[in-house]
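Read off the chains here:
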Amino acid sequence: MSLLLQLVANGLLLGGAFAIISIGLTLIFGVVRVVNFAHGEFLMVGMYVAWLCASRLGLHPYAAVPIVVVFLFVMGAAMQRYVIQSLLSADAHIQVFATVGISTALLNLALLMFGADIRKVEFAFGNQNLSIGSLTFVSGQVITFVVAIVVAFAMHFYLTRTYTGRAFRALAQNRTAAALMGVDVNKTYVFAFGIGAALVGIASCLLTLQYPVFPTVGTYFVLTAFVIVVLGGMGSLPGAVIGSMFIGLIDSLAGFYVGPDLKEVVYFVIFLVILIVRPTGLFGLGRGSE
Amino acid sequence: MIPNPLQPRAYVAYLALAALLLLPIATQSPFVIHLAIQVCVFAALASAWNIVGGFAGQLSLGHAVYYGIGSYAAGLLVLHFGISPWVGMFAGVGVSALVALVIAYPTLRLRGPFFSLASIAFLEVARLLVNHEEAWTHGAGGLNVPLQIGLKWMIFREKWAYLLVAFGFLMVVLWICRAIRHSRFGYYLIAVREREDAARAIGINPVRVKIAAAVISACLTSLIGSFHGMYLTFIEPSSAFSLELSIQIAMFALIGGLGTVAGPVLGTVVVLPIAELARGWLSAFGNGTHGFVYGVVLVAVVLFFPRGLVGQLGGRVTQWIDKLPDFARARRVTVASLPTAVRATASAGEPILKVDKIEKRFGGLKATDKVSLTLHEGEILGVIGPNGAGKTTVFNQLSGFLRPDGGTVTIRDAAGHWSAPRSPEGFARAGVGRTFQIVQPFAGLTVLENLLLGAFMRTKGRDEAEALARSVAELTELTPLLDTEARSLTVGGMKRLEIARALATSPRVLLLDEVLAGLNPADVARAIVMIRRIRDSGVSVLMIEHLMQATMALSDRIVVIHLGKVLKEGLPAEVANDVEVIQAYLGKGYTHAQGS
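The notes below deal with the structure included here. Model, not experiment: these values are computed from the prediction. (Residues numbered from 1 in each chain as written. Chains lettered and ligands numbered in written order. Predicted model: local features only at pLDDT ≥ 70, side-chain atom pairs only at ≥ 80, totals over all residues. Heavy atoms only, no water.)

What to know about the overall build of chain A
Moving on, step 1. A tally of helices and strands in chain A yields 11 helices and 2 strands.
Moving on, step 2. When the helices and strands of chain A are placed in sequence order, the string is α-α-α-α-β-β-α-α-α-α-α-α-α.
Moving on, step 3. Here the C-alpha atoms of chain A give a radius of gyration of 19 Å, agreeing with the 19 Å that 2.2 N^0.38 yields for 290 residues.
Moving on, step 4. Each principal axis of the C-alpha atoms in chain A carries an extent, and together these give about 60 × 45 × 35 Å.
Moving on, step 5. Long-range pairs, those at least 24 residues apart, make up 77% of the contacts in chain A between residues at least 6 apart in sequence.
Moving on, step 6. Total accessible area on chain A stands at roughly 11,300 Å², and carbon and sulfur atoms take up 68% of it. (Helix = DSSP H or I, 4+ residues; strand = E, 2+ residues; numbered from the N terminus. Rg over C-alpha atoms; globule rule 2.2 N^0.38 Å. Contact = heavy atoms within 4.5 Å. Areas by Shrake-Rupley, 256 points an atom, 1.4 Å probe, with all protein chains shown as cover.)

Quick look at the overall build of chain B
Moving on, step 1. Each helix and strand in chain B was counted, giving 25 helices and 12 strands.
Moving on, step 2. Overall, chain B is about 100 × 60 × 45 Å in size when its C-alpha atoms are taken along their principal axes.
Moving on, step 3. Relative to its 596 residues, chain B shows a buried fraction of 56%.
Moving on, step 4. In chain B, the 52 positive side-chain charges and the 40 negative ones have mean positions that sit 2 Å from each other. (Buried < 20%, exposed > 50% of the residue type's maximum accessible area, 1.4 Å probe, protein only. Lys, Arg positive; Asp, Glu negative; His and termini not counted. Charge placed at Lys NZ, Arg CZ, Asp CG, Glu CD.)

Considerations on empty space enclosed by the protein
Residue and element names in this part refer to chain B.
Moving on, step 1. Scanning all chains against the criterion turns up 5 cavities of 30 Å³ or more.
Moving on, step 2. Taken as a whole, the largest cavity spans an internal volume of roughly 160 Å³.
Moving on, step 3. As for the largest cavity, its lining consists of 16 residues, of which S60, H63, Y66, I103 and F115 are closest to the centre.
Moving on, step 4. Listing elements by their share of the lining of the largest cavity, those giving two or more residues are helix 3 (64-81), helix 4 (85-107), helix 5 (112-132) and helix 10 (206-232).
Moving on, step 5. Among the elements that make up the lining of the largest cavity, the one with the highest residue count is helix 4 (4 residues).
Moving on, step 6. Of the residues belonging to the lining of the largest cavity, the class tally is 9 nonpolar, 6 polar and 1 charged.
Moving on, step 7. As a volume, the second largest cavity reaches approximately 70 Å³. (1 Å grid on protein atoms, 1.4 Å probe; cavity = no way out; pocket = protein on both sides within 12 Å on 5 of 7 lines; lining within 4 Å. Points joined across faces, edges and corners; volume = space filled by probe spheres on them. Nonpolar A, V, L, I, M, F, W, Y, C, P; charged D, E, K, R; others polar.)

With respect to the packing of aromatic side chains
Moving on, step 1. On inspection of all chains with the given rule, the structure shows 26 aromatic pairs over all chains.
Moving on, step 2. Judged by centre distance (5.1 Å) and plane angle (75°), the rings of Y220 of chain A and F221 of chain A are edge-to-face.
Moving on, step 3. Look at F221 of chain A and you get buried, because its relative accessible area is 2%.
Moving on, step 4. Ring centres 5.8 Å apart and planes at 55° place the aromatic pair Y267 of chain A and F268 of chain A in the tilted group.
Moving on, step 5. The class for F268 of chain A is buried, based on a relative accessible area of 3%.
Moving on, step 6. Taken together, the aromatic side chains of W86, F156, Y162, F169, F227 and Y231 of chain B make up a single cluster linked through ring pairs. (Phe/Tyr/Trp six-rings, centres within 6.5 Å; stacked < 30°, edge-to-face > 60°.)

Let's talk about the interface of chain A and chain B
Moving on, step 1. Contact residues are listed per partner, giving 39 residues for chain A and 41 residues for chain B.
Moving on, step 2. Together chain A and chain B conceal approximately 3,600 Å² of surface at their shared face, both sides included; 82% is due to carbon and sulfur atoms.
Moving on, step 3. At the boundary of chain A with chain B, the tally comes to 0 salt bridges.
Moving on, step 4. Seen at the junction of chain A and chain B, the total is 1 residue pair in polar contact (both at pLDDT 80 or more).
Moving on, step 5. Among the secondary structure elements, those contributing two or more residues to the side of chain A that touches chain B are helix 3 (65-84), helix 4 (92-114), helix 9 (217-232) and helix 11 (263-277) of chain A.
Moving on, step 6. Looking at which element gives the most residues to the side of chain A that touches chain B, the answer is helix 4 of chain A, with 15 residues. (Buried area = accessible area lost by both parts, 1.4 Å probe. Salt bridge = Lys/Arg side-chain N within 4 Å of Asp/Glu carboxyl O. Polar contact = N/O pair within 3.5 Å; in protein donor to acceptor, adjacent residues only side chain to side chain.)

Things to note about the pairing of strand 3 (residues 351-362) of chain B
Within a regular beta strand, the side chains point alternately toward one face of the sheet and then the other, so they alternate between its two faces.
Residues and elements named next belong to chain B.
Moving on, step 1. Strand direction decides the pairing type here: strand 3 and strand 4 (residues 365-376), joined by 8 bridges, are antiparallel. Counterpart to R361 in the pairing with strand 4 is K366.
Moving on, step 2. In this antiparallel pair of consecutive strands, strand 3 and strand 4, the connection spans 2 residues, and G363 shows a positive phi of 60°.
Moving on, step 3. Inspection of the sheet shows strand 3 paired to strand 6 (residues 406-412) by 5 bridges, in the antiparallel sense. Within strand 6, the position partnered with L353 by the bridge is I411. (Pairing = 2+ DSSP bridges.)

Describing the pattern of salt bridges
Moving on, step 1. The full count for this structure, using the stated rule, is 27 salt bridges over all chains.
Moving on, step 2. D117 of chain A is the salt-bridge partner of R119 of chain A, the closest N and O atoms lying 4.0 Å from each other.
Moving on, step 3. A relative accessible area of 49% means that D117 of chain A is categorised as partly exposed.
Moving on, step 4. Overlapping salt bridges bring together E359, K366, D369, K370 and K565 of chain B as one network.

Some points on the environment of S183 of chain B
Moving on, step 1. Here S183 of chain B is to be found in the loop between helix 7 (159-181) and helix 8 (184-194).
Moving on, step 2. Between the C-alpha atoms of S183 of chain B and R462 of chain B, which are 279 residues apart in sequence, the distance is 8.0 Å.

A closer look at the sheet that holds strand 11 (residues 557-562) of chain B
Residues and elements named next belong to chain B.
Moving on, step 1. Ordered in space as 8-9-10-5-11-12, the 6 strands form an open sheet in which the pairing is mixed. Whereas interior strands pair on both sides, the edge strands pair on one side only; in this sheet they are strand 8 (432-434) and strand 12 (565-570). This sheet shows a mean twist of 20° between the axes of neighbouring strands, independent of strand direction.
Moving on, step 2. Bridge count between strand 8 and strand 9 (residues 509-513): 3 bridges; the pairing is parallel. The residue of strand 9 that forms the bridge with V432 is V509.
Moving on, step 3. Strands in contact with helix 20 (residues 491-503) are strand 8 and strand 9; relative to strand 9, the strand with the most contacts, it is inclined by about 160°.
Moving on, step 4. Relative to strand 10 (residues 540-544), helix 21 (residues 521-536) is tilted by about 145°, and along the sheet it contacts strand 5 (380-384), strand 9 and strand 10. (Axes fitted to C-alpha atoms, helices over the stretch in contact; angles between N-to-C directions.)

Examining unusual backbone geometry
Residues and elements named next belong to chain B.
Moving on, step 1. A positive phi angle, near 50°, is found at K370, a position not held by glycine.
Moving on, step 2. Residue position: K370 is located in strand 4.
Moving on, step 3. Unusually for a residue other than glycine, L563 sits at a positive phi of about 50°.
Moving on, step 4. Relative accessible area serves as the criterion here: at 62%, L563 is assigned to the exposed category.

Regarding a nonpolar patch on the surface
All names here are of chain A.
Moving on, step 1. A cluster of nonpolar residues, L3, L4, F256, Y257 and V258, forms a patch on the protein surface that exposes about 480 Å² of accessible area.
Moving on, step 2. When residues of the nonpolar patch are traced back to their parent elements, those giving at least two are helix 1 (2-32) and helix 10 (237-257).
Moving on, step 3. Looking at the secondary structure, you find L3 in helix 1.
Moving on, step 4. Judged by its relative accessible area of 42%, L3 is partly exposed. (Patch = residues over 30% accessible without salt bridge, like charges linked within 9 Å, V, L, I, M, F, W, Y side chains within 5 Å.)

So, the sheet that holds strand 6 of chain B
Residues and elements named next belong to chain B.
Moving on, step 1. Taken together, the 4 strands give an open sheet; going across it, the order is 4-3-6-7, and neighbouring strands pair in antiparallel fashion. Looking along the sheet, the strands with just one partner apiece sit at the ends: strand 4 and strand 7 (418-419).
Moving on, step 2. This element, helix 16 (residues 391-398), spans strand 3, strand 4 and strand 6 of the sheet and lies at about 120° to strand 3.

As structure tokens, then:
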């Protein structure tokens, strides 16, 4: 029983890490309507920046959050401004190729600059073991989870209470009508893309403490993030959070009961079933994938 | 089916391909020959991918699944059973075809990035399973192909022998791609890619067409995978089932030009050597150089020439090639157009399409409420009604785009049998042609090709289809525009094309959805004459129209639909003076005002 509880707790905590990555992805898709295949490489870049801050400046990754967030915001905004913007009315396959191209370029650039070695940061804070009853946690996981929940709520308030947030939602529903209501489409898209990337920046600082940094680290996380976002309904914020917890649980439970090398098969199969049977996502939120 | 080497386009292609084979052999440099082998392999992979990604427009990023299956099938059969890869590769083809069926069927309706995501997920699942099933796949460690040298084992001492085989595979794939591009099947793929609804309205079954493309592409990819596995002599899941490989394949096709025969080959020839050379020159900087080059090239191509090399430059180059001497011109014959067939009208006046109490609900709204009507052979039946009356909903049920919740739609075929088709393509095959209110031309194709697509349904070969297309063009005054791209037609031209494409399916019933709307008065007058001419050629016409004068002038009978029900049915004059009809259009206030 305590084993099961521990597995559930691990799953939810892992879900917290997935959530911050997925919120950024779903925001970009929801507003700009572009599936960002380079999202995982954003995470990878963020992790390398956090690692550089730690190894060169001795900064704790949590303290590096502002630097990484600004770095990724600029990167995301630049990608929207200089690549995606001119492709907004192009065919879907052109947009896919554009983000895939950026993903390939960034991944290999990291390989060129840092090699394939696995990098790690060593800090005590964030790696303490906590225990509640028979359950044990790593403090970094708990912090990640809490930050994820805070970010999700902050994002929710941002989207519902501020002008820019409302502009995001208006654009998500109808680009032309939003433009007629005075929303500066291009500027808002650049901003949305930047924020989506900045969220990944937060995630990368939190994850650098718990995971090693290597060029293909993003691929692992982003495939999971895609599963989550499709599961929760592309473009839906609550869907992304609930989906993250769900996949976190599956990861933890299937890893134990099915086998660590097959846990991903389990959630990819779930992903395919959702895509095929219910393309609007489990919770009926967001727009369909058809 | 083999292009005539006396024509300029053909001999230029032959010369270019011969250069790809002979120049590297002439250099005798193992590196150059290795490069040429890689070019042949990747050009073949990109061409095979192009059948799905280009012709059918489904952006698969998981094509390495079939490459991996091919490599593993051939490798494992050699290793465990001593079966020659020349045989083993067909086992791979069989498995790939099955896997393609399993993947294609459920993912058909996914569009754009979601299809790509699903294909990546399938690839990941395949890779993880191969890793997991160590007992017979050797797991993540990969497997070494036994080094038995000889043609039988597809393993050679000399590099040039590999190049010969690789080139042979490339030729097979190219020949199949070219055959598809110029066949009825190839046109169907393009039609489904461009506009699925319009394709269904001319009798194309999109499911069957897409699945066929997926299976053919998978089989070819698998074949190349088998050969490449033997060439590399080492097969491991992380490179055989890799996303990176899938992206590379798709990328070469995009850079060359999606949906063209020459594109994928050209893209590979241009980009692969650059990346490989960069890998050599810049190796001091570490791994990832060629991948970085690929990524940057891909983004640049997407931004600056998204239609690829062939799409961007193809027109100019073919013009230039066409100026070369043509040694085959004398033997070319033009196809004479058939005279318009006047059909037997012995059964004129008999019912040909019966609609019996059809109902359709959208949530709480009854969009169609027990509508019954009958179309008689040789008549023009006008369907009118105010905006939102439910005319187009009825129309969609008469052509299979919506299934009625209750009631039946039956049509009589030439032999006098009644049938109740269930899908748009079923209706088209039963003899119902339709147009769309918002025109749906296959914009990138010429007018002739648009008509050919319709004509393919009831003709055997291309020549016959072309003759039919030309006679339809004559009837709809499109003959001077046959070689124009559909996207550059005027509104009037698009509407005529819409009718012509439906007519090319040789329908017995033609459903016209607001074909006069938006036309200028001169075009309306031409269209009225044309619709009469169509009726006189033996086609029964049912038309929805808002233009009242034209409808009154054209129709033999008129059905008025209001609030989803048939309000009135009768001769034009009766309907025009009916109080209820006037009320439906203008409201009760108007009649009160008139009465006072």
